[in-house]
2 protein chains.
Amino acid sequence: MSDSTNLTFRYATREDLPAIVALLADDEKGKTREELADPLPDAYYQAFDAMESQSTDALPNKYLLAILGDDIVGCLQLTLIAGLSRRGQLRAQIEGVRVSSKVRGQKIGEKLITESISISKSLGAVLIQFTTDKTRKDAHRFYERLGFVASHEGMKMALGQMP
Amino acid sequence: MSDSTNLTFRYATREDLPAIVALLADDEKGKTREELADPLPDAYYQAFDAMESQSTDALPNKYLLAILGDDIVGCLQLTLIAGLSRRGQLRAQIEGVRVSSKVRGQKIGEKLITESISISKSLGAVLIQFTTDKTRKDAHRFYERLGFVASHEGMKMALGQMP
């Protein structure tokens, strides 16, 4: 596999879904939450179509992929959310950040986050945010090194049976 | 003012913006972040139009208002976000929760949150989430009583000058 200096980025298409779900499942928490079957459960395709239905060029809700050679080696969901608070500021939000366990140690996660920040700025966002499970201590240190601040509590409530 | 048993809810229109910004500014943090001028800065109208551009009936990004008599006494931004993780789960996210200081102690905040949960469930969301500044300790207790769990760190990074 080539080294990460040749890393490129693009938004996901429907055809990328099996590779993305494989990445989502390649994770301590994700492995129990995802269903990596062949064919992939239709719920993933429906969710992809729902993301597309609420995406515009100016305000995407899309998966951003990191590509190395012919392989999808990283992904994150990037969502731009318009809102009224702070004088109508536009925020960017990330979710589902994964890097393939085959390519760890090549700063691919860092480059993927940096790319999402660059896209967010170019779209006019003045804030980028995400929540991360309090048990993922290594992840917190990684994000703090990149400049994120754990200034907020991330509060959640399940509204039914959750995978 | 009537008591809160007559509270009703509806989504905001463009004409409600001055009242919403007044609510956003009626807050310890909001008072320095918002600009409650007459006429309202155009940035708020642009942000409202951007919210509309990414809203669908199935996946709204809208302000939900609590109405008492003829007055808007509470608001929150409700955003439904499609995504791939957890088998393509749909999440609801809230932001900018405010209750007028004139009507405190009538459980209007609780009723507004409960309404947002009910709408989120009816749209198929299986999770509702938000972030809240770690200094807002009273707010955390309020949300924990409603069933939210502070399971995550809310991490943020400014991408430029922020109000």
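Structural notes, computed from the coordinates. Keep in mind that what you see is a predicted model, and the values were worked out from it rather than measured.

Rules of the game
- Residues numbered from 1 in each chain as written.
- Chains lettered and ligands numbered in written order.
- Predicted model: local features only at pLDDT ≥ 70, side-chain atom pairs only at ≥ 80, totals over all residues.
- Heavy atoms only, no water.
- Buried < 20%, exposed > 50% of the residue type's maximum accessible area, 1.4 Å probe, protein only.
- Helix = DSSP H or I, 4+ residues; strand = E, 2+ residues; numbered from the N terminus.
- Pairing = 2+ DSSP bridges.
- Expected span 1.5 Å × (residues − 1).
- Contact = heavy atoms within 4.5 Å.
- Buried area = accessible area lost by both parts, 1.4 Å probe.
- Salt bridge = Lys/Arg side-chain N within 4 Å of Asp/Glu carboxyl O.
- Polar contact = N/O pair within 3.5 Å; in protein donor to acceptor, adjacent residues only side chain to side chain.
- Nonpolar A, V, L, I, M, F, W, Y, C, P; charged D, E, K, R; others polar.
- Least-squares fit on C-alpha atoms with pLDDT ≥ 70 in both.

Residue and element names in this part refer to chain A. The buried fraction of strand S2 (residues 61-68) amounts to eight of the eight residues, a majority that puts the element mostly inside the structure. For S2 and strand S3 (residues 71-82), the ladder comprises eight bridges, and the chain directions are antiparallel. The partner of Lys62 across the bridge, within S3, is Leu78. Between S2 and S3, which pair antiparallel and follow one another directly, the connecting turn spans two residues, one of which, Gly69, has a positive phi of 60°.

With that settled, consider helix H5 (residues 108-122) of chain A. All names here are of chain A. With 15 residues, H5 extends 21 Å from end C-alpha to end C-alpha; this agrees with the ideal 21 Å at 1.5 Å per step. Of the positions making up H5, those classed as buried are Ile108, Gly109, Leu112, Ile113, Ser116, Ile117, Ile119 and Ser120. Gly124 lies just past H5 and shows a positive phi near 100°.

Moving on, we come to the interface of chain B and chain A. If you look at the interface, chain B gives 67 residues, while chain A gives 67 residues. Ranking the residues of chain B by area buried against chain A places B:Leu84, B:Arg87 and B:Met155 at the top, with a combined share of 15%. Counting across the interface, chain B meets chain A through two salt bridges. Here B:Glu95 makes a salt bridge to A:Arg91, at a shortest N to O gap of 2.9 Å. Our count for the chain B to chain A interface comes out at 39 residue pairs in polar contact (both at pLDDT 80 or more). Element by element, the count of residues in the side of chain B that touches chain A is highest for strand S6 (residues 149-158) of chain B, at ten residues. A class-by-class count of the residues in the side of chain B that touches chain A yields 32 nonpolar, 22 polar and 13 charged. Where strand S5 (residues 127-133) of chain A lies against S6(B), seven bridges are found, and the strand directions are antiparallel. Paired with A:Ile128 across the strands is B:Met157, a residue of S6(B).

Each copy superposes on the other: chain B lies on chain A with an RMSD of 0.0 Å after a rotation of 180° and an axial shift of 0.0 Å. Here the symmetry operator amounts to a two-fold rotation axis. In terms of C-alpha distance to the rotation axis, chain B has B:Gly154 as its closest residue, with the C-alpha 2.3 Å off the axis.

By themselves, these figures tell us nothing about what the structure is for.
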